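Okay, here's what each chain looks like letter by letter:
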Amino acid sequence: MSPLILATQLLLASAATSSWAASPDAAANWVQSDHSAIRLIDAGRVTGQPGSMLGLEIRLDPGYLTYWRTPGDSGVPPTFSTVGSTNVAHIEVEYPAPLKLDEAGSEVFGYKGEVTFPMRVTRIEPAIPATLKLAVDYAICATQCLPVHAMLDLTLTDSGSTDAIAQVQQALAKVPRETPLRSPDRLAIDRVTIDPADLKSLSVVARASTGASLFVEAPEGWYVQAGAAADAGGTAVSFPLTVVQQPAGSDIRAIDLRMTLIDKTGAIETSARGRVASDVGTAGPRP
């Protein structure tokens, strides 16, 4: 995450909206705040997906944005708490592919208009009813940034409405698929290399269409910026990476990178773990 965090700005902004919205139906009531609204959508037990599938939908007023899990040069990611839930073991939130957005001269990663985050809920006892109480903290920004605190309450069902299922499946389709380094797929990341003369400069070569974007996530204490794509011949493009921040005494050659590549045909996520200097990477699970 960038060192330029907006936490102070958020704390100085207007107070966040908090309220409970409970519904036994496939969608909870909207929780309104200044310039945004949020709700839960219950898709029930979706074929091919473990547990229950929900959608967390956020709608934003024109001109406002909210952030991805890694916000970019500034901003804060959303956070979630299930304290007070009944028969809920854990949740897993998926993130649709983000946009690169300008925020007062800073490049941030997030969403405009509306976004639905697919959410997988695992019950403690699968055969017993469950109630999810979800506290969500997120930020919205335009000319100023505002914190939002929303509390949602939904009794889970085994079968959602047709509309709820369709919306959650559409959101799942926008989540980058995990793809190994050097995958034979048309959209893929081929290699990550380092400049031996400048250990803060790296390069990523990928197969993607014109206008592709690369998002790079690094471990805590690191911040790595990805530049614009350049033609690398044939179907290849290259992205320059710059290490802006790193922990004292750390070795760039051992860095773990989580990269999200997006073009007009789709989005993938690839991990290169600890072997950047040797121009070799390995795919791995999400941290």
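Details of the structure are given in the entry above.
Residues numbered from 1 in each chain as written. Predicted model: local features only at pLDDT ≥ 70, side-chain atom pairs only at ≥ 80, totals over all residues. Heavy atoms only, no water.

A look at the overall build of the chain
Alright, step 1. Secondary structure summary: the chain contains 2 helices and 21 strands in total.
Alright, step 2. Sequence-distant contacts in the chain: of pairs separated by 6 or more residues, those separated by 24 or more amount to 66%.
Alright, step 3. A total of about 13,000 Å² of accessible surface is found on the chain, and carbon and sulfur atoms cover 53% of it. (Helix = DSSP H or I, 4+ residues; strand = E, 2+ residues; numbered from the N terminus. Contact = heavy atoms within 4.5 Å. Areas by Shrake-Rupley, 256 points an atom, 1.4 Å probe, with all protein chains shown as cover.)

Notes on the sheet that holds strand β13 (residues 177-178)
In a beta sheet, neighbouring strands pair by backbone hydrogen bonds and run either parallel or antiparallel.
Alright, step 1. What the 4 strands build is an open sheet, ordered β13-β21-β20-β16; its pairing is mixed. Lying at the two open borders of the sheet, with one neighbouring strand each, are β13 and β16 (213-217).
Alright, step 2. Summarising the sheet, strand β20 (residues 256-263) and strand β21 (residues 266-273) pair through 8 bridges and their orientation is antiparallel. The residue bridging L257 from the neighbouring strand is A272, located in β21. (Pairing = 2+ DSSP bridges.)

Comments concerning the packing of aromatic side chains
Any pair of aromatic rings gets described here by the distance separating the centres and the angle formed by the planes.
Alright, step 1. Enumeration according to the criterion identifies 5 aromatic pairs in this entry.
Alright, step 2. Judged by centre distance (6.3 Å) and plane angle (70°), the ring pair of W68 and F109 falls under edge-to-face. Highlighted residues: W68 in strand β5 (residues 65-72) and F109 in strand β9 (residues 106-112), separated in sequence by 41 residues.
Alright, step 3. Look at W68 and you get buried, because its relative accessible area is 1%.
Alright, step 4. Relative accessible area serves as the criterion here: at 7%, F109 is assigned to the buried category.
Alright, step 5. Considering the side-chain rings of Y95 and F117, the 5.5 Å spacing of their centres and the 75° angle between planes classify their relative orientation as edge-to-face. Of this pair, Y95 sits in the loop between β7 (88-93) and β8 (99-103) while F117 sits in strand β10 (residues 114-123); the two residues are 22 residues apart in sequence, bridging distant segments of the chain. (Phe/Tyr/Trp six-rings, centres within 6.5 Å; stacked < 30°, edge-to-face > 60°. Buried < 20%, exposed > 50% of the residue type's maximum accessible area, 1.4 Å probe, protein only.)

What to know about unusual backbone geometry
Alright, step 1. Backbone geometry places H35, a non-glycine residue, at a positive phi of 75°.
Alright, step 2. Relative to the helices and strands, H35 is located in the loop between β2 (31-33) and β3 (36-44).
Alright, step 3. Overall, the relative accessible area of 30% leaves H35 in the partly exposed class.
Alright, step 4. The backbone phi angle of A104 is positive, close to 55°, even though this residue is not glycine.
Alright, step 5. One can find A104 in the loop between β8 and β9.

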